[in-house]
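Residues per chain are reported as follows:
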Amino acid sequence: MAIARLHGGPLDGQVIPLADPAQNQLIMPYSQTQVVYRRQGEREHTGSSDGPAAAAFWFVESEDDINPDPDGRDA
């Protein structure tokens, strides 16, 4: 098993499982759009006894503009 640690963008701080440890890009749904994260750097914890392999993925772009307060309740 491998995990992706997401950095930046709307999913910053999330940790998700990776189906393919060699995966270099994640395209994920977010609200009514999609966000793209790309892997940077090498995987960590790739030994047999040091936990799940982990890779850092950084926010690249979103398909549409992301508005975290679409109804204005946070103003």
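Refer to the preceding data block for the structure.
The present account deals with the structure reproduced in this document. (Residues numbered from 1 in each chain as written. Predicted model: local features only at pLDDT ≥ 70, side-chain atom pairs only at ≥ 80, totals over all residues. Heavy atoms only, no water.)

1. Structural notes on the overall build of the protein
Reasoning step 1: In terms of helices and strands, the protein carries zero helices and five strands.
Reasoning step 2: Listing the helices and strands of the protein from first to last along the sequence gives β-β-β-β-β.
Reasoning step 3: Counting over 75 residues, the protein shows a buried share of 23%.
Reasoning step 4: Nonlocal contacts in the protein, meaning residues at least 24 apart in sequence, comprise 41% of its contacts between residues at least 6 apart.
Reasoning step 5: Per element, the accessible surface of the protein, about 5300 Å² overall, is 46% carbon and sulfur. (Helix = DSSP H or I, 4+ residues; strand = E, 2+ residues; numbered from the N terminus. Buried < 20%, exposed > 50% of the residue type's maximum accessible area, 1.4 Å probe, protein only. Contact = heavy atoms within 4.5 Å. Areas by Shrake-Rupley, 256 points an atom, 1.4 Å probe, with all protein chains shown as cover.)

2. Details of the environment of Gln34
Reasoning step 1: For Gln34, the location among the structural elements is in strand E4 (residues 33–39).
Reasoning step 2: Along the sequence, Gln34 and Ser62 sit 28 residues apart, while their C-alpha atoms lie 5.7 Å from each other.
Reasoning step 3: In this view, Gln34 contacts Ile27, Met28, Pro29, Glu61, Ser62 and Glu63; residues no more than four positions away in its chain are not counted.

3. What to know about the sheet that holds strand E2 (residues 15–18)
Reasoning step 1: Within the open sheet, the five strands sit side by side as E2-E1-E5-E4-E3. Their pairing is mixed. Sheet topology places E2 and strand E3 (25–30) at the edges, where each strand pairs with a single neighbour. The mean inter-strand angle of the sheet, taken between neighbouring strand axes irrespective of direction, is 35°.
Reasoning step 2: In this structure, strand E1 (residues 2–7) lies alongside E2, joined through four bridges in antiparallel fashion. Paired with Ala4 across the two strands is Ile16, which belongs to E2. (Pairing = 2+ DSSP bridges. Axes fitted to C-alpha atoms, helices over the stretch in contact; angles between N-to-C directions.)

4. Considerations on the pairing of E4
Reasoning step 1: The pairing of E3 with E4 spans six bridges and is classified as antiparallel. Across the sheet, the residue bridging to Met28 is Val35, located in E4.
Reasoning step 2: Following E3, the chain reverses through two residues before pairing antiparallel with E4; Ser31 in that reversal takes a positive phi of roughly 55°.
Reasoning step 3: Note that E4 and strand E5 (residues 53–62) share five bridges and pair antiparallel. In the sheet register, Val35 faces E5, and the bridge partner there is Ser62.

5. Observations regarding the nonpolar core
Reasoning step 1: Membership of the largest hydrophobic core comes to 13 residues, with the highest contact counts inside it found for Ala4, Leu6, Leu26, Met28, Tyr37 and Phe57.
Reasoning step 2: Those elements that place two or more of their residues in this core are E1, E2, E3, E4 and E5.
Reasoning step 3: The contacts of Phe57, once residues within four sequence positions are left out, are Ala4, Arg5, Leu6, His7, Leu18, Gln23, Asn24, Gln25, Leu26, Tyr37, Arg38 and Arg39. (Core = buried A, V, L, I, M, F, W, Y, C linked by side-chain atoms within 4.5 Å.)

The values are spatial; any link to function lies outside them.
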